[in-house]
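Single-letter residue listing:
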Amino acid sequence: MTASPELASSRTASPELLRSVFRRHAAGVAVITATGDRPAGFTATSLNSVAAEPPLISFGIGTSSSSWPVLAEAEHVGVHILGEHQQELAATFARSGADRFGPSTDWSSGPEGVPLLAGVSAWLVCRVVARIPAGDHRIVIAEAVAGDPSGASRPLVYHQGRFTALRD
């Protein structure tokens with residue numbers, strides 16, 4: 001028997017309700033990077049595979065993000081799947097005002113000039129094909145043009161407001 005939702009305790013939809021519900025949804029952790037006048041990047045838990053043919057992905061970014069001005073103009077983005085050992089890297093790219101590409105971040109310029117982070121589980125370089133308005137965010141759709149899935153670590157997961165690892 002499955003539990004039925006308690007309708008008596010339901011709440012009217014609000015930003016806080018959405019956040020509360022999605023804290024219960026475990027999500028993989030990625031860092032999205034791009035370059036313009038400067039390198040930019042942010043931690044994303046909204047990464048999705050959209051289609052295999054052509055190979056499309058999507059992610060959301062807030063228009064108030066410090067990375068948005070660079071992502072709004074970038075032709076290509078880097079998509080990095082983080083491993084369980086990269087909690088600090090995820091926190092750095094999630095923290096407002098952090099020096100994301102400073103001395104503590106191991107990165108290099110990759111295909112199409114996209115900043116690529118070292119030691120990740122997998123990465124893609126993708127060509128941006130659309131930016132779709134969605135409330136205070138944009139949904140970016142991009143086509144994979146290069147990548148490497150050979151990282152050996154287990155994935156980093158975001159759940160209940162913190163970074164964690166999968167448990168067996």
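Look a little higher up for the structure.
Asker: When you look at the nonpolar core in this model, what are you seeing that I'm missing?
Answerer: Note that soluble globular proteins tend to have their nonpolar side chains buried in a common cluster. Among the nonpolar cores identified, the biggest contains 18 residues, and I32, F42, F59, L71 and V77 are the most heavily contacted of them. At the level of elements, β2 (30–35), β3 (39–44), β5 (56–62), α2 (68–73), β6 (76–81), β9 (122–134) and β10 (137–148) are the ones that each hand at least two residues to this core. Once you skip the residues sitting within four places of it in the chain, F59 turns out to touch I32, F42, S46, L47, L71, V77, R138, I139 and V140.

Asker: Mind showing me how you'd approach unusual backbone geometry here?
Answerer: A negative phi angle characterises most non-glycine residues, just as the trans form characterises most peptide bonds. Omega for the bond connecting E53 with P54 falls within 30 degrees of zero, at -5°, which places this linkage in the cis form. Phi angles above zero are rare outside glycine, and E112 is one such case at about 60°. As for its position among the elements, E112 is in the loop between β7 (107–109) and β8 (115–117). With a phi angle near 55°, Q160 is a residue other than glycine that sits in the positive phi range. Examined against the element boundaries, Q160 turns out to sit in the loop between β11 (156–159) and β12 (162–165).

Asker: Can you walk me through a nonpolar patch on the surface in this structure?
Answerer: A surface patch of nonpolar side chains, amounting to about 310 Å² of accessible area, comprises L18, V21 and F22. Looking at the secondary structure, you find F22 in helix α1 (residues 15–22).

Reading the values: the criteria
Residues numbered from 1 in each chain as written. Predicted model: local features only at pLDDT ≥ 70, side-chain atom pairs only at ≥ 80, totals over all residues. Heavy atoms only, no water. Core = buried A, V, L, I, M, F, W, Y, C linked by side-chain atoms within 4.5 Å. Buried < 20%, exposed > 50% of the residue type's maximum accessible area, 1.4 Å probe, protein only. Helix = DSSP H or I, 4+ residues; strand = E, 2+ residues; numbered from the N terminus. Contact = heavy atoms within 4.5 Å. Patch = residues over 30% accessible without salt bridge, like charges linked within 9 Å, V, L, I, M, F, W, Y side chains within 5 Å. Areas by Shrake-Rupley, 256 points an atom, 1.4 Å probe, with all protein chains shown as cover. Salt bridge = Lys/Arg side-chain N within 4 Å of Asp/Glu carboxyl O.

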